[in-house]
Amino acid sequence: MDEIKLEIYDILKGAIRAAIESGELPISDVPEIPFSPTKTPEHGDIATPVALGLAKSAKMAPRAIAEIIVKHVDCDKCPHIRDLEIAGPGFINVYLSNEWLDDTLKTIVDAQDAYGSGEIGIGKRVQIEFVSANPTGPLNIVSGRAAAVGDTLVNLLNAVGYEAIREYYVNDAGGQVERLGESIDVRYRQALGEKNLEIPEGGYQGEYLQEFAQTIAAEEGDAYLKLSQEERVELFRDKGVEHLLGQQKVSLERFRVNFDVWTSEKAIRDSGKPDEIIEMFREKDYLYEAEGATWFRMTDFGDDKDCVVIRTNGEYTYFVPDAAYHHDKFDRGFDKVIDLLGPDHQGHVTRLKNFVKALGLADDWLEVDIIQQVNLVDSDGNRRDMSKRQGQFLTLDSLIDELADAVGERFAVDVARYFFLMRANNSHLDFNLELAVTQANENPVFYIQYAHARCCSIFQQGKEQQIELKPSTEVSLALLTEAHEHELIRKLAEFPAIVLSSAEEREAHRIPHYLHELAGIFHPYYNQHRVLDASNMERTYARLILIQSVQTVLANGLRLLGISAPESM
RNA sequence: GUGCCUGUAGCUCAGUUGGAUAGAGCGUCAGCCUCCGGAGCUGAAGGUCGGGCGUUCGAGUCGCCCCAGGCACGCCA
């Protein structure tokens, strides 16, 4: 679809130029020519409203302009255009030729796994940081969504040529992991029989810490009671981080998300970079002292208040290591850095961008996208709330466990990923638990996977009848004359443009939607037209090429989403 | 109070740089299996795109003002 647009673009541009030179079109420059695939076959395959846009400057009726443009088009020059027509208020509708349909299928069959990929990002390194949950508990549902989205965005960027990596920032320093150490300490002493202890303010109530502390008590006994409270908290903090981070890694692997780089906040702090950043800020006069703390002039960057970077107790607030971390990303040579943050971090976005600006980096170097919240619901719409620190919250693992009980592990991950990916990042997501486990037509994941399995099944069936796929060059694709076939090929041709736009716009949800639409054209086609037909072998071979193409695109799309493309279900 | 996000069919949501008659799934109702997998297909009903004003050939899309909902506003991360 991209190549054809370029072809048409050149041809129309040439026609408009010719019309200007002949004096028929009283404008000075050739304008931008917008295109859109049409919504209905009645409007051809591709349409452009270019004549409408010229009406004002040319002071002519749009239809008259369109007629002049079309008159100057040399259709013989472009074998991919079958016809041009002027319609409605002055649209120019382009009908594509059978040769174009043939070429599309041949391209897909030749490219196979590579169909849909592009080269726009070649030579550019991109880093996406996502999930980055505190190592103080299991991953929650929103982290699951972020994991699915981030993982898919990396796939998409890599598909269009970028060199993209997945990175996880481990918040293993600061107050929150301190509270973790204290919480484990309490649980540990409780496990050894101590009474009247309470989890400190801001601590973690979860049962998982009780279990963890009990394990320590069972294995090590009261050995740690000999240490001072301070030493013990520090030890438990480190043990806890290691344990919980390990569990997060297990959960992520189970969810088919594999990070390339894990960066430790503690390591950043120990590296001395935060001190350098503070020094630099001080030199640039971004800092001042007040109320015993050191403040950053955030208001100079347009924010409504300044913020503390060094507390009265002398410790950095998290902004400092965070700024240092982003500077480190820059030092590592990324051309573009994307942070996916949770819904509770949106207040942080402008501040983070301001810090990056303060570091002297370009405005568009850092991109921050918010992954909105997820609500788990029943078909009735009843919500199952997730609360972060009440002890009982729904985790990514418990969600997959629940799905796996119904559809098995493999499809549980498939379904969860699909549901997390089907909505735009900034829109709230209602995750319908009942729909997710339905193994029926209403479940969009199965609908798509079933289409793929059906394609495979046709080949299986063909094999039994001694009918094999022929090379596309030996097949008469002109026999694909059904309207359904035309529609299918058109949809297949859109795939590379969908991949490109969803990578560039960071809109992973366009892929699930596209695949669902493709399956929605394939299923009726399958239902109405037989592929394997011994009485018409020439057409059978042609249709096998088409089926092969559908299968390839479905598989390629699902692979980008990290969802399996089953050969049978 | 300030900032960000959202508001499209009964429900959940798509709608690429403004383009022709605003789409899909679920739900509801009515149909289709001697035939490559019925996890499928066909059809019907269902809309003041939250409201108003503006920009222009043309607005769900852009601008401004309201209304409603969500979230964030710590010397936590």
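Residues numbered from 1 in each chain as written. Chains lettered and ligands numbered in written order. Predicted model: local features only at pLDDT ≥ 70, side-chain atom pairs only at ≥ 80, totals over all residues. Heavy atoms only, no water.

### Details of the overall build of chain A
Thought 1: The secondary structure content of chain A amounts to 19 helices and 15 strands.
Thought 2: Over its C-alpha atoms, taken along the principal directions, chain A stretches across nearly 90 × 65 × 40 Å.
Thought 3: The buried share among the 569 residues of chain A stands at 53%.
Thought 4: With 58 positive and 94 negative side-chain charges, chain A shows a spacing of 2 Å between the two charge centroids. (Helix = DSSP H or I, 4+ residues; strand = E, 2+ residues; numbered from the N terminus. Buried < 20%, exposed > 50% of the residue type's maximum accessible area, 1.4 Å probe, protein only. Lys, Arg positive; Asp, Glu negative; His and termini not counted. Charge placed at Lys NZ, Arg CZ, Asp CG, Glu CD.)

### Examining the packing of aromatic side chains
One pair of aromatic rings is described through two measures. These are the centre distance and the angle between the planes.
Thought 1: Under the defined criterion, the tally for this structure stands at 27 aromatic pairs.
Thought 2: Through successive ring pairs, a cluster of aromatic residues spans Phe281, Tyr286, Phe296, Phe301, Tyr318, Phe319 and Phe355.
Thought 3: The positively charged end of Arg125 is found above the aromatic ring belonging to Phe334, 4.6 Å away from the centroid.
Thought 4: Over the face of the ring belonging to Phe255 we find Arg417, whose NZ or CZ atom lies 5.7 Å from the ring centre. (Phe/Tyr/Trp six-rings, centres within 6.5 Å; stacked < 30°, edge-to-face > 60°. Lys NZ or Arg CZ within 6 Å of the ring centre and 35° of its normal.)

### Here we look at the sheet that holds strand β1 (residues 36-37)
Thought 1: In spatial order, the strands read β1-β2-β4-β3; together these four strands make up an open sheet with antiparallel pairing. Two strands lie at the open edges of the sheet, namely β1 and β3 (81-87), each paired on one side alone.
Thought 2: With six bridges connecting them, β3 and strand β4 (residues 91-96) associate as antiparallel partners. Within β4, the residue paired with Glu85 across the bridge is Asn93. (Pairing = 2+ DSSP bridges.)

### What about the pattern of salt bridges?
Thought 1: Within this structure, the stated rule accounts for 34 salt bridges.
Thought 2: Where Asp414 meets Arg256, a salt bridge forms, and the shortest distance between an N and an O atom there is 2.7 Å. Taken together, the positions of Asp414 in helix α14 (residues 409-421) and Arg256 in the loop between α8 (229-254) and β7 (261-264) put the pair 158 residues apart, joining distant regions of the chain.
Thought 3: Classification of Asp414 as buried rests on a relative accessible area of 0%.
Thought 4: The exposure class of Arg256 is partly exposed, given its relative accessible area of 27%.
Thought 5: Bridged by salt links that share partners, the residues Glu167, Lys273, Asp328, Asp331 and Arg332 form one connected network. (Salt bridge = Lys/Arg side-chain N within 4 Å of Asp/Glu carboxyl O.)

### Brief notes about the domain arrangement of chain A
Thought 1: When the domains of chain A are assigned, the result is domain 1 (2-96), domain 2 (175-254) and domain 3 (441-561).
Thought 2: Relative to domain 3, the C-alpha centre of domain 1 lies at a distance of 31 Å.
Thought 3: In this complex, domain 1 contributes six residues to the contact, which on the side of domain 3 involves five residues.
Thought 4: Taking both partners together, domain 1 and domain 3 bury about 420 Å²; carbon and sulfur atoms supply 37% of that area.
Thought 5: Linking domain 1 with domain 3 are one salt bridge, by the criterion used here.
Thought 6: The residue Arg490 makes a salt bridge to Asp45 at a minimum N-O spacing of 3.6 Å.
Thought 7: Between domain 1 and domain 3 we count three residue pairs in polar contact (both at pLDDT 80 or more) in total.
Thought 8: When the residues that make up the side of domain 1 that touches domain 3 are grouped by side-chain class, the tally is two nonpolar, two polar and two charged. (Domains from an automatic or database assignment. Contact = heavy atoms within 4.5 Å. Buried area = accessible area lost by both parts, 1.4 Å probe. Polar contact = N/O pair within 3.5 Å; in protein donor to acceptor, adjacent residues only side chain to side chain. Nonpolar A, V, L, I, M, F, W, Y, C, P; charged D, E, K, R; others polar.)

### Here we look at the nonpolar core
Thought 1: In terms of nonpolar packing, the biggest core is built from 132 residues, with Ile69, Phe255, Phe420 and Phe431 touching the most fellow members.
Thought 2: Considering every element that reaches this core, the biggest residue donor is helix α19 (residues 537-561), with 12 residues.
Thought 3: When residues of this core are assigned to domains, at least three map to each of domain 1 (2-96) and domain 3 (441-561).
Thought 4: Ignoring anything within four residues of it in the chain, the contact list for Phe255 reads Gly144, Ala147, Ala148, Leu396, Ile400, Val413, Ala416, Arg417 and Phe420.
Thought 5: Residues Ile277, Phe281, Cys307 and Leu352 belong to the second largest nonpolar core, which totals 34 residues. (Core = buried A, V, L, I, M, F, W, Y, C linked by side-chain atoms within 4.5 Å.)

### Overview of the pairing of strand β8 (residues 287-290)
Thought 1: Note: β8 against strand β9 (residues 293-296), four bridges, orientation antiparallel. For Tyr288, the partnering residue across the bridge sits in β9 and is Trp295.
Thought 2: In this structure, the hairpin formed by β8 and β9 is closed by a connection of two residues, where Glu291 is found at a positive phi of approximately 55°.

### Some points on α8
Thought 1: Compared with an ideal rise of 1.5 Å per residue, which puts 26 residues at 38 Å, α8 spans 37 Å between its outermost C-alpha atoms and is within 8% of the ideal.
Thought 2: If you check which residues of α8 are buried, you get Arg232, Val233, Phe236, Arg237, Gly240, Val241, Leu244, Leu245, Gln248, Ser251 and Leu252.
Thought 3: Backbone geometry just after α8 places Arg256 at a positive phi near 65°. (Expected span 1.5 Å × (residues − 1).)

### Brief notes about the packing of helix α10 (residues 273-283) against helix α11 (residues 319-331)
Thought 1: Running from amino to carboxyl end, α10 crosses α11 at an angle of 100°, the nearest separation of the two axes being 8 Å. When the axis of α10 is compared with that of α11, the two are roughly perpendicular. Contacts from Lys273, Pro274, Ile277 and Ile278 of α10 reach α11 at Val320, Pro321, Ala323, Ala324, His327, Asp328 and Asp331.
Thought 2: Looking at the contact of α10 with α11 residue by residue, the classes come out as seven nonpolar, one polar and three charged. (Axes fitted to C-alpha atoms, helices over the stretch in contact; angles between N-to-C directions. Parallel < 35°, antiparallel > 145°, perpendicular 65-115°, else oblique.)

### Considerations on helix α3 (residues 62-71)
Thought 1: Within α3 the residues assigned to the buried category are Ile65, Ala66, Ile68 and Ile69. For α3, the buried positions fall inside an angular range of 160° around the axis, keeping them on one side. (Arc of directions from axis to C-beta.)

### What about the environment of Arg254?
Thought 1: If you trace the backbone, Arg254 turns up in helix α8.
Thought 2: When the C-alpha atoms of Arg254 and Gly174 are compared, they prove to be 29 Å apart, with 80 residues separating the residues in sequence.
Thought 3: Contact partners of Arg254, with chain neighbours within four places excluded, come to Asp397, Ile400, Asp401, Glu409 and Val413.
Thought 4: Polar contacts involving the side chain of Arg254 include one to the side chain of Asp401, which spans 2.8 Å.

### Considerations on the side chain of Thr38
Thought 1: Examined against the element boundaries, Thr38 turns out to sit in the loop between β1 and β2 (46-48).
Thought 2: Residue contacts for Thr38: discarding those within four places in its chain leaves His43, Gly44, Asp45, Ile46, Ala47 and Arg490.

### Some remarks on the sheet that holds strand β10 (residues 307-310)
Thought 1: The strand order β8-β9-β10 describes an open sheet built from three strands, whose pairing is antiparallel. With partners counted over all chains shown, the strands left at the sheet margins are β8 and β10, one partner each. In this sheet, adjacent strand axes meet at a mean angle of 45° when their direction is disregarded.
Thought 2: Bridging between β9 and β10 involves three bridges; their strand directions are antiparallel. Note on β10: the bridge partner recorded for Phe296 is Cys307.
Thought 3: Across the sheet, α10 touches β8, β9 and β10, and the angle it forms with β8 is around 95°.

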